[in-house]
Amino acid sequence: MNELIEHKGWFKLNWKWFVPLIISLIAIIGFLSSTKVSEKIAGMVKIHTESSVYDNALEIAKQNEKVIELLGELQPLGKLAILEGFHEYSRDYNTLEISVTVTGTKTEKQIRSKMDILADRNGNEWIYKTINIRIKKPAELKQTIEIIRIAQ
């Protein structure tokens, strides 16, 4: 009865799941740091902090007579609209291009439309170069409504 019982260490007991986990984490970190994925993630985070850009553009678009006639009163943008849309910052984060889905109160026609925004930062303020509403569907209403267009 004087036999020694050998206790296995933590690593010997858990290496079968620990090693693949570490390898996977290293691969994920390498992937995020070596591709544009990290830039896109940073852009998504930044666009949520810049909500005034698209909220103010939406307020400007709500004043357009043709938009009111075709879409009705524009509804506030949801957070998913921003994630589903397109956005791209310039390298210095002073120019922003956004395209998001907008909806109006006239829903009986199942109108699908997008708002395109191009803006430059001037200090804490955004100067709009372009605000357009593109009506995509139905085909008989397909058009682009220019709300702001500054020659570049």
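Residues numbered from 1 in each chain as written. Predicted model: local features only at pLDDT ≥ 70, side-chain atom pairs only at ≥ 80, totals over all residues. Heavy atoms only, no water.

Visitor: What is the right way to read the sheet that holds strand 2 (residues 95–102) from this model?
Guide: Sheet strands line up and pair through hydrogen bonds in the backbone, either parallel or antiparallel. Ordered by their spatial adjacency, five strands build an open sheet running 1-2-3-4-5, and the pairing between neighbours is antiparallel. On the outer flanks of this sheet lie strand 1 (86–89) and strand 5 (143–149), each paired with one strand and no other. With direction set aside, neighbouring strand axes in the sheet form an average angle of 15 degrees. As defined by bridge partners, strand 2 adjoins strand 3 (residues 112–122) across eight bridges and the pair is classed as antiparallel. In the sheet register, Thr 101 faces strand 3, and the bridge partner there is Lys 114. Against the sheet, helix 3 (residues 51–62) makes contact with strand 2, strand 3, strand 4 (125–137) and strand 5, and its axis sits at roughly 60 degrees relative to strand 4, the strand it touches most. (Pairing = 2+ DSSP bridges. Helix = DSSP H or I, 4+ residues; strand = E, 2+ residues; numbered from the N terminus. Axes fitted to C-alpha atoms, helices over the stretch in contact; angles between N-to-C directions. Contact = heavy atoms within 4.5 Å.)

Visitor: Is there a simple way to think about the nonpolar core in this case?
Guide: With 27 residues, the main nonpolar core has Met 115, Ile 117 and Ile 133 as its most contacted residues. Those elements that place two or more of their residues in this core are helix 3, helix 4 (65–71), strand 2, strand 3, strand 4 and strand 5. Beyond its immediate sequence surroundings of up to four residues, Ile 117 is in contact with Val 53, Tyr 54, Ala 57, Leu 96, Glu 97, Ile 98, Tyr 128 and Thr 130. (Core = buried A, V, L, I, M, F, W, Y, C linked by side-chain atoms within 4.5 Å. Buried < 20%, exposed > 50% of the residue type's maximum accessible area, 1.4 Å probe, protein only.)

Visitor: Whenever I open this one, unusual backbone geometry confuses me. Can you help?
Guide: Peptide bonds are mostly trans, and most non-glycine residues show a negative phi. The peptide bond linking Lys 137 to Pro 138 adopts the cis configuration, its omega dihedral lying at 0 degrees. Following the sequence through the fold, Pro 138 ends up in the loop between strand 4 and strand 5.

Visitor: How do you make sense of the pairing of strand 2 when you look at a structure like this?
Guide: For a regular strand, side-chain orientation follows a simple rule: the groups alternate between the two sheet faces. Two elements, strand 1 and strand 2, share four bridges in a ladder whose sense is antiparallel. Bridging from a neighbouring strand, Phe 86 pairs with Ser 99 of strand 2. Between strand 1 and strand 2, which pair antiparallel in sequence order, lie five residues; one of them, Tyr 93, sits at a positive phi of approximately 60 degrees.

Visitor: Any chance you could explain helix 3 here in plain terms?
Guide: Owing to its 3.6 residues per turn, the α-helix brings residues three or four apart onto one side. With 12 residues, helix 3 extends 17 Å from end C-alpha to end C-alpha; this agrees with the ideal 16 Å at 1.5 Å per step. For helix 3, the complete set of buried residues consists of Val 53, Tyr 54, Ala 57, Leu 58, Ala 61 and Lys 62. Seen end-on, helix 3 carries its buried residues on one side only, within an arc spanning 160 degrees. (Expected span 1.5 Å × (residues − 1). Arc of directions from axis to C-beta.)

Visitor: So what exactly am I meant to see when it comes to the packing of aromatic side chains here?
Guide: A ring pair, where both rings are aromatic, is described by two values, the distance of the centres and the angle of the planes. Applying the stated rule across the entire model yields four aromatic pairs. With a centroid separation of 6.0 Å and 85 degrees between ring planes, the pair formed by Trp 10 and Trp 17 is classed as edge-to-face. Consider the rings of Trp 17 and Phe 18, whose centres lie 6.0 Å apart with planes at 90 degrees: the pair is edge-to-face. Members of the aromatic cluster, each reached through a chain of ring pairs, are Trp 10, Phe 11, Trp 17 and Phe 18. (Phe/Tyr/Trp six-rings, centres within 6.5 Å; stacked < 30°, edge-to-face > 60°.)

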